[in-house]
Each structure stands twice: as structure tokens, then as C-alpha cells.
Amino acid sequence: MKPPSLPAPPAVQALGPVLARRAWVSPAAVLRRQPAVVLGAALLALHLGLALLGPTLAPYGFAQMQVLHTLEAPSWAFLAGTDQFGRDNLSRVMWGARRTLAVALVSTLLGVTLGVVIGMVGGYYRGWIDELLMRLVDGMMAIPALLLAMLILTTLGSSPTYVVLGIAVVFMPRTARMVRGVALSLGAAEFVDAARLRGESGAYVVFREMLPNAWAPIIVEASIRFSYAILLATSLGFLGLGAGPPTPDWGLMINEALPFLDQAPWLAALPAAAIASAVVGANLIGEGIREALALRHSLDSA
């Protein structure tokens, strides 16, 4: 008896006639037909543009003071107002985009890379190696992410290098846990058994046979971790563990605006909107990638 079929995912339903004509649909075709993904791509493109061109397009320098225009409301001269030192708020947000996104991107890549290595090694070798690595991972995951990052930065310092390292260490255990589950399932695959019978080394099997077949969940994990990295980086900046004044950091800008919220609410509104839009854009892209890869897997299995 044939089991009942499940309803098609929204992405499949949206493709409609395309699926009727084609046996294979690229993930890009799915992404283009999801309005949420298009919105997320637009938000991320905006922030990437600010990161690349913000310092060039900003009307003022991030530390340039206008002593006669302190806490001035938005105007044609200062589109997002000025802070307590007369610095242009819009310019500082535009300058800060490069640092925030660079820290988030590099820390995500480093943390995911470390997690992939640990998860793959533990899932392949198992035994005492797996036990040792996973107990270390569990111990790190028992500490809240923000607290662990704060402990690292208060011990090492709050330079950009240590901020990246702290966020990467926070993300590594969660990625390792996910990748280990994938590695355990791949370890029983026929192509892995064939590589072992050929006499290939463990490193070859892990990184040349198993890893190429685990890219889909790793890409989804990295896209999700990127949005968390933006939040964590700006949270550390808000707590004074990121960039120091006068460096424009979105989290630090919100912290500096707190005493003036009743008088100049625009000081916190713009960096908060920048953080929220960057996180939403990254999350929408991550969800779209997840759905596109799931669709491709279902079509390949059909």
C-alpha cells in the first residue's frame, strides 16, 4: 500500500508550471519566487553597500564634531540629527556598517570552520575521541553565549581580533553538534565504506568524501549564525566590550544615546534600525536557503 503523500512545500507550490516542465529546479529559481527572500536580499545588499561605500558616501567623518550643532534634530544638514558632541548620526551609522558586518562575517566563518572540523572528526572516529570532543562542546554550551563571549573578552581584551575570536568560540560548539549529527549519518554511507576499503586515510575520508556531502546543512547553519553574530557583536559593543570611542559601533552608539533618549531619541533609533534590518535580512536569506536546499533534495530523491 502506497503511503499518503505530504503536501508540497510553499516553494514547490509557487513554482507550479515550472516543475511540470522541468525535472530539476535550481535553488536560485526557488529563491527568486519567495518575496521574503527578495526582501532579505535587498536588506543585506543595502548593508553590504554601506559597508563597502559608506565611508565614501557619508557626508561627514565619523569623528567630525560640530560644536554648534550638538543634539540637533534631523534636518537637511544632518538627516539623522547629531549626537552630544555634534557628530552626524547618519555618517556614524554608515561608517559603523563596515566594522559590524566585517566582525560578524569573519567570526561566523571562523566559528563554523572550527565547528565543522570538530564535528566531522568526532562523528567519523567516534569512541573516546568523540566523547572527549563532545564533552568539551557540552561544557562550553552550558555557558550562555553572551556570558562566554564576555569572559573571553574580559580575559584577553576587547580588540577587534579578540571580539572575532570570542564570537567564533561561542558559535563553534553549536556548529560542532550539528555537524557531528550529519557526520554520524554519513559514516554509514556506502561511499564512505568504499573509501575505507580502498585504504584511504581518515583525513581523506572526512574532508574529501564526507564533507562535500554535508555542505547543504553547513551553509544553512552559517547563514543563521551570521545573524546571531551581528546581534552578539552589537551586544558586546553596547556593553563596552567592542570598539572604544570614537569608533562608530552600532551597539556602542545605542549605549551612548541612553542618557539622551528623552531629548534626542533619533540617536538610538537609527543604529537600532540598522541592527534590526541586518538581522532580519540575514534570517530571511537563511530561511530561503534552507527551503531551496530542501526542495533540491526532494527533487533529487524523486
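Quick notes on the rules
- As a convention, each chain's residues are numbered from 1 in the sequence order in which they are written.
- The model is predicted, so local features are restricted to residues of pLDDT at least 70 and side-chain atom pairs to those at 80 or more, both for listing and for counting; the totals for chains, interfaces and linings are taken over all residues.
- Excluded from the side-chain calculation are hydrogens and water; included are all heavy atoms of the structure.
- Here a strand is any run of E in DSSP of at least two residues, a helix any run of H or I of at least four, and the numbering for each starts at the N terminus.
- Burial status follows relative accessibility: with a 1.4 Å probe on protein chains alone, a residue under 20% of its type maximum counts as buried, one over 50% as exposed, and anything between as partly exposed.
- For the accessible areas, the method is Shrake-Rupley and the probe is 1.4 Å, while residue cover comes only from the protein chains on display.
- Any carboxyl oxygen of Asp or Glu within 4 Å of a side-chain nitrogen of Lys or Arg constitutes a salt bridge here.

When helices and strands are tallied, the protein chain shows 13 helices and zero strands. Listed N to C, the secondary structure of the protein chain is α-α-α-α-α-α-α-α-α-α-α-α-α in terms of helices and strands. The burial tally for the protein chain puts 44% of its 302 residues in the buried class. A total of about 15,200 Å² of accessible surface is found on the protein chain, and carbon and sulfur atoms cover 69% of it.

The next point concerns the pattern of salt bridges. Scanning the model with the defined rule gives 11 salt bridges in all. Linking Arg135 and Asp138 is a salt bridge whose minimum nitrogen-to-oxygen distance equals 2.8 Å. You can see Arg135 and its partner Asp138 sitting in helix α6 (residues 127–141), three residues apart, about one turn around the helix. On the basis of relative accessible area, Asp138 is assigned to the partly exposed category, the value being 28%. Among the charged side chains, a network of salt bridges with common partners joins Glu131, Arg135, Asp138 and Arg177.

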